[in-house]
Amino acid sequence: FYPYGICVANEELFVTDTFNHQIQVFNHKTGSFLRRWGSKGVKPNEFMFPHGVVVDDNDIFVIDTKEPVIRVFNTDCSSRTTIPTAKIPGALVVSKNNLIVSCLLSKNVFILSRDGNLLKTFPGRTTPCVTQNMCIDESELFISVMKGLLTTGMSEAMITSPGCSIFKILKRIV
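Counting restarts for each chain: residues are numbered from 1 in the order of the written sequence. The predicted nature of this model means local features are confined to residues of pLDDT at least 70 and side-chain atom pairs, given and counted, to a pLDDT of 80 or more, with totals for whole chains, interfaces and linings taken over all residues. Excluded from the side-chain calculations are hydrogens and water; all other atoms, namely the structure's heavy atoms, are used.

Novice: So what exactly am I meant to see when it comes to the pattern of salt bridges here?
Specialist: Salt bridges are defined as contacts in which a side-chain nitrogen from Lys or Arg sits within 4 Å of a carboxyl oxygen from Asp or Glu. According to the stated counting rule, one finds six salt bridges in the structure shown. Ionic pairing is found between Arg 35 and Glu 12, a salt bridge with its closest N-O pair at 2.9 Å. On the criterion of sequence distance, the pair formed by Arg 35 in strand β4 (residues 33–37) and Glu 12 in strand β2 (residues 12–17) is long-range, its members being 23 residues apart. Residues joined in a network through salt bridges with shared partners are Asp 56, Asp 59, Arg 80 and Arg 114. Numbering of helices and strands runs from the N terminus; a helix is a DSSP stretch of H or I covering at least four residues, while a strand is a stretch of E covering at least two.

As structure tokens, then:
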């Protein structure tokens, strides 16, 4: 079991089991195993390197950093669509029916429609860096990064430590 990304929705804990190429789902209160899906590959219901998971409404979004794509599933875990990305997706949040994607080793944050069309590019960082995770609270976006800085004037460092920082984005992007 190699957990990387996690998300809680509808009393279920979704976990990307990265090196086993699958998603596992547990009861969020008891930790009881409920179900799993996925295997190694590039076809629907397969993953090469599932990195992050987000559940929103009736969609489950899984970042697969090896291909690079965002796989979209129905709540019954059946494959609905695959959204190809130009860069390797590192973190994902859903806000106002849009996908906000931060890509690994990229300077930008991308806003996509739910069907994958590029709506906006946000200059998020001064140098390419590794995005660890993102979260959003209404319209405030927070990004944790390793080995990099976010653009001065567009972000505020909230927490810093050697090698990793958490930033609040000051400019409204959604």
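Novice: Whenever I open this one, the sheet that holds β4 confuses me. Can you help?
Specialist: Backbone hydrogen bonds are what pair the strands of a sheet, in a parallel or an antiparallel way. For two strands to be treated as a pair, DSSP must find at least two bridges joining them. Reading across from one edge, β1-β2-β3-β4 is the order of the four strands in this open sheet, with antiparallel pairing throughout. Of all strands in the sheet, those with a lone pairing partner are β1 (3–9) and β4, marking the two edges. Within the sheet, the average angular offset between the axes of one strand and its neighbour, ignoring direction, is 20 degrees. Across six bridges, β2 lies against strand β3 (residues 22–27) in antiparallel orientation. Axis definition: a line fitted to C-alpha atoms, over the contacting stretch in the case of helices. Angles run 0 to 180 degrees between N-to-C directions.

Novice: Just checking my understanding: could you explain the packing of aromatic side chains for this structure?
Specialist: Geometry of an aromatic ring pair is reported as the spacing of the ring centres plus the angle between the planes. Pairing of aromatic rings covers Phe, Tyr and Trp, the last counted by its six-membered ring, and requires centre-to-centre distances within 6.5 Å; plane angles under 30 degrees mean stacked, over 60 mean edge-to-face, and any other angle means tilted. All chains considered together, the criterion is met by four aromatic pairs. Ring centres of Phe 26 and Phe 33 lie 5.9 Å apart, and the angle between their planes is 75 degrees; this geometry places the pair in the edge-to-face category. Exposed residues in this analysis have more than 50% of their type's maximum accessible area, buried residues have under 20%, and partly exposed residues fall in between, with area computed by a 1.4 Å probe over protein chains only. On the accessibility criterion, Phe 33 (42% relative accessible area) is partly exposed. Summarising the aromatic geometry, the rings of Phe 47 and Phe 73 are spaced 5.7 Å apart at their centres and angled 50 degrees between planes, so their arrangement reads as tilted. In this pair, Phe 47 sits in the loop between β4 and β5 (50–56) while Phe 73 sits in strand β7 (residues 69–74), placing the two residues 26 residues apart along the sequence.

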